[in-house]
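# Coordinates in review
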Amino acid sequence: MDERKALEQVREALVSALDSRRELVAYSRLEAIEMDRYARDVERGALEELAKLLPNASGGEQLYQVKTKLTWMEQQLAELDGRKDIQERSRALERDEITWRTFEDISWLLGVV
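Model, not experiment: these values are computed from the prediction. (Residues numbered from 1 in each chain as written. Predicted model: local features only at pLDDT ≥ 70, side-chain atom pairs only at ≥ 80, totals over all residues. Heavy atoms only, no water.)

Within the fold, Thr99 resides in helix 4 (residues 88-109). A relative accessible area of 1% places Thr99 in the buried class. A polar contact of 2.9 Å, which involves the side chain of Thr99, links it to the backbone oxygen of Arg95. When residues no more than four places from it in sequence are discounted, the contact partners of Thr99 are Arg40, Glu43, Arg44, Leu47 and Met73. (Helix = DSSP H or I, 4+ residues; strand = E, 2+ residues; numbered from the N terminus. Buried < 20%, exposed > 50% of the residue type's maximum accessible area, 1.4 Å probe, protein only. Polar contact = N/O pair within 3.5 Å; in protein donor to acceptor, adjacent residues only side chain to side chain. Contact = heavy atoms within 4.5 Å.)

Structural data, given as structure tokens:
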């Protein structure tokens, strides 16, 4: 797969996820915490899809940076999972923060936001 096509697929996945996340606002009956949980689920799904798209992609600066962000996220999540000094609720909040930050960083990096 060439870099241009891979970048297109990555952008399409991000745009789709952003649209899904925006649609959550239409469910005004959802509590804020529920909306946030659904938004993180959408972001997690999109990041998993990106990870699947990238192993077959050739180099290129933007794709390399996306791979780097995903690697950072995986490292942070692994470190968090290994911590014994944190309550499960705090762990979940931190996991959500890492996911959100990675999603936003990659969206910004690719000019999708």
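Let us keep going from here.
Before going further, it helps to spend a moment on the nonpolar core. Grouped together as the largest cluster of nonpolar side chains are 25 residues, with contacts concentrated most on Val10, Leu14, Leu50, Leu70 and Ile106. Secondary-structure elements contributing two or more residues to this core are helix 1 (3-23), helix 2 (32-53), helix 3 (61-82) and helix 4. Here this core gets seven residues from one element, more than from any other, and that element is helix 1. Every residue in contact with Leu50, bar those within four places of it in the chain, is listed here: Val10, Ala13, Leu14, Leu70 and Ile106. (Core = buried A, V, L, I, M, F, W, Y, C linked by side-chain atoms within 4.5 Å.)

On to the packing of helix 3 against helix 4, then. Remark: helix 3 packs on helix 4, axes separated minimally by 10 Å, with the N-to-C direction vectors making an angle of 175 degrees. In terms of axis orientation, helix 3 runs roughly antiparallel to helix 4. Taking contact as the criterion, the partners of Gln62, Gln65, Val66, Lys69, Leu70, Trp72, Met73, Gln76, Leu77, Leu80 and Asp81 in helix 3 are, on helix 4, Arg91, Glu94, Arg95, Ile98, Thr99, Arg101, Thr102, Asp105, Ile106 and Leu109. Of the residues contributing to the contact of helix 3 with helix 4, the split by class is nine nonpolar, five polar and seven charged. (Axes fitted to C-alpha atoms, helices over the stretch in contact; angles between N-to-C directions. Parallel < 35°, antiparallel > 145°, perpendicular 65-115°, else oblique. Nonpolar A, V, L, I, M, F, W, Y, C, P; charged D, E, K, R; others polar.)

Summarising the element assignment, Arg22 is placed in helix 1. Looking at Arg22, the relative accessible area reads 51%, which means it is exposed. For the pair Arg22 and Ala39, spaced 17 residues apart in sequence, the C-alpha separation works out to 8.6 Å.

Here we take up the packing of helix 2 against helix 4. The N-to-C vectors of helix 2 and helix 4 enclose an angle of 55 degrees; their axes lie 9 Å apart at closest approach. Considered as vectors, helix 2 and helix 4 are oriented oblique to each other. Viewed along their axes, helix 2 and helix 4 form a crossing whose handedness is left-handed. Here Ile33, Arg40, Glu43, Arg44, Ala46, Leu47 and Leu50 of helix 2 lie close against helix 4, whose contacting residues are Arg89, Asp96, Thr99, Trp100, Thr102, Phe103 and Ile106. Taken together, the residues of the contact of helix 2 with helix 4 sort by class into seven nonpolar, two polar and five charged. (Left-handed = near helix turned anticlockwise from the far one by under 90°.)

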